[in-house]
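These are the residues of each chain, in order.
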Amino acid sequence: MRSTSIIIVGAGPAGCAAAVQCARMGVMPVLLDRTGRPGGLIGNAWSVENYPGLEPMDGREISNRLREFLDRFRVEIVPAVVSGIRRDSGHLVVDSSEGVIGAGAVVVATGTRPVLLEAPGSEELRGRGFCYEVRELLEADPVPERVAVIGGGEAALDYSLSLAGAGAGVTLLVRGATLQAGKRLIDLVAADENISIRYGIGIGSLRRSGEGMTVTFSSEEVEDSLHCDGVVAAIGRETATDHLPEELRGGDTATVGTGWEGLYIVGDARLGALGQVGIAVGDGLEAAMAAVSLVKGRDES
Ligand SMILES: Cc1cc2nc3c(=O)[nH]c(=O)nc-3n(C[C@H](O)[C@H](O)[C@H](O)COP(=O)(O)OP(=O)(O)OC[C@H]3O[C@@H](n4cnc5c(N)ncnc54)[C@H](O)[C@@H]3O)c2cc1C
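What counts and how
- Residues numbered from 1 in each chain as written.
- Predicted model: local features only at pLDDT ≥ 70, side-chain atom pairs only at ≥ 80, totals over all residues.
- Heavy atoms only, no water.
- Helix = DSSP H or I, 4+ residues; strand = E, 2+ residues; numbered from the N terminus.
- Buried < 20%, exposed > 50% of the residue type's maximum accessible area, 1.4 Å probe, protein only.
- Phe/Tyr/Trp six-rings, centres within 6.5 Å; stacked < 30°, edge-to-face > 60°.
- Disulfide = S-S within 2.5 Å.
- Pairing = 2+ DSSP bridges.
- Right-handed = clockwise from strand over helix to strand, strands pointing away.
- Near = heavy atom within 4 Å.
- Polar contact = N/O pair within 3.5 Å; in protein donor to acceptor, adjacent residues only side chain to side chain.
- Areas by Shrake-Rupley, 256 points an atom, 1.4 Å probe, with all protein chains shown as cover.
- Nonpolar A, V, L, I, M, F, W, Y, C, P; charged D, E, K, R; others polar.
- Axes fitted to C-alpha atoms, helices over the stretch in contact; angles between N-to-C directions.
- Left-handed = near helix turned anticlockwise from the far one by under 90°.
- Contact = heavy atoms within 4.5 Å.

A word on unusual backbone geometry
For the peptide bond that leads from D141 to P142, omega is 0°, which places it in the cis range. One can find P142 in the loop between α4 (135–138) and β9 (146–150). A positive phi angle, near 50°, is found at S89, a position not held by glycine. Here S89 is to be found in the loop between β4 (82–88) and β5 (91–96). Classification of S89 as exposed rests on a relative accessible area of 68%.

Here it is, written out as structure tokens:
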């Protein structure tokens, strides 16, 4: 089994912050990410306006800057999916698609995964016009002309603004009677003439029709449907920690430390949908400093 000092799982804002801090402190970490690229969820953001000192910019630009940030400190991302983290004779062991790697410390920065839409056709069409991350539609060439966004929270509104900004006509399909987001996003969506909103929607099914797809739904107990070129659902997110031992999933989220020495959980993987980039970065820095001090302390003793 290969072994290394520090492994960081996930190259979103939390994992990138942790990786560079380790490198700056003299311990080059192994940074693993299933996509092989930096940014994580923030790559979907319409405009990040709440990161101190940073001018408002979209998530794809932040992801590009994270790539430069890693390059500056010669941190590379190893494309790999982590399937398990365990202890073996007191050592931490990471099971990944790139093999089994032992480590002195592991920082879990795996963020969240989407709550799945329970509607016939959603699984079959996933990745073929239907998705949970708007980046998939924004990176399509051409960007779909008519898009249905399912959801009524911050992410659904944010996705709608990105799509409308890219020239798509957006229909926001909202289950409740109101939007559940901050005033600024609600006002921006209301003012955007490329976005229309329908409330009280119960999604029925998704199916392919012609070049596009049809979403069927009920509205005020009447069956209706919408023909579109793309559908994105943003109906919630939950921590992506399946690879952690059961006892550590959804545990104490008050700190980045866990009950296991050398194992840290940071960013959205710790906080779920409440996460923000600033918190993720702060968590990453904190865990990196603790991890480096732990492995250096062991080396010295
Ligand atoms: C539409 C939208 C807009 C947003 N706007 C803002 C905003 O304006 N301001 C703000 O502060 N926050 C915003 N956020 C929230 C922000 O994106 C997150 O808080 C932040 O990305 C969390 O960073 P993270 O590093 O903890 O996790 P993530 O960014 O989710 O990164 C996790 C990484 O782990 C990788 N990974 C997951 N599982 C595995 C595995 N098993 N093996 C290997 N790799 C794995 C993933 O590929 C991913 O790269 C927004 C979110 C969304 C969806």
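From this point, the discussion proceeds with the structure in view.
A look at the packing of aromatic side chains
The final tally for this structure, using the stated rule, is two aromatic pairs. Between the aromatic rings of F69 and F73, the centroid separation amounts to 6.3 Å while the plane-to-plane angle is 75°, which identifies the pairing as edge-to-face. Ring geometry for F130 versus Y132: centroids 5.0 Å apart, planes at 70°, classification edge-to-face. For the pair shown, F130 and Y132 are each scored as buried.

A few points about the state of the cysteines
One pass over the structure, following the stated rule, counts zero disulfides. The thiol of C16 is not disulfide-bonded; the next cysteine sulfur, from C22, is found 12 Å away. Free of any disulfide, C131 has its nearest cysteine sulfur in C228, 11 Å distant.

Quick notes on the pairing of strand β11 (residues 195–198)
It is a general feature of regular strands that their side chains alternate between the two faces of the sheet. Relative to β11, strand β10 (residues 169–173) runs parallel, the two sharing four bridges. Looking at β11, one finds that L172 is bridged to I197. On the question of chirality, the crossover connecting β10 to the parallel β11 by way of helix α6 (residues 183–191) is right-handed.

Details of the sheet that holds strand β8 (residues 130–131)
Here five strands make up an open sheet; going across it, the order is β8-β15-β9-β10-β11 and the pairing parallel. Strands with a single pairing partner mark the edges of an open sheet, and in this sheet they are β8 and β11.

Overview of the site of the ligand
Around the ligand lies a shell of 33 residues, among which D33, L41, N50, D268 and V277 are the nearest. In this structure, D33 approaches the ligand through a side-chain N or O atom, which is 2.6 Å from an oxygen atom. Alone, the ligand offers 1000 Å² of accessible surface; in the complex the protein occludes 91% of this. Looking at the shell around the ligand, the elements with two or more residues in it are α1 (13–24), α5 (154–165) and α8 (277–300). A class-by-class count of the residues in the shell around the ligand yields 15 nonpolar, 14 polar and four charged.

What to know about the packing of α1 against α8
At their nearest, the axes of α1 and α8 sit 7 Å apart, and the two run at 35° to each other. The handedness of the crossing between α1 and α8 is right-handed. Contact residues: α1 offers P13, A14, A17, A18, Q21 and C22, while α8 offers V277, A280, V281, G284, L285, A288, M289 and V292. Looking at side-chain class alone, the contact of α1 with α8 contains 12 nonpolar, two polar and no charged residues.

Looking at the sheet that holds strand β14 (residues 222–228)
Ordered in space as β12-β13-β14, the three strands form an open sheet in which the pairing is antiparallel. Strands with a single pairing partner mark the edges of an open sheet, and in this sheet they are β12 (201–209) and β14. Across this sheet, the average inter-strand angle for adjacent strands is 20°, counted without regard to direction. In the sheet, strand β13 (residues 212–219) pairs with β14 via seven bridges, with the strands oriented antiparallel. Residue pairing for β14: F217 is matched across the bridge by D224.

Interpretation note: all reported values are geometric properties and have no functional meaning in isolation.
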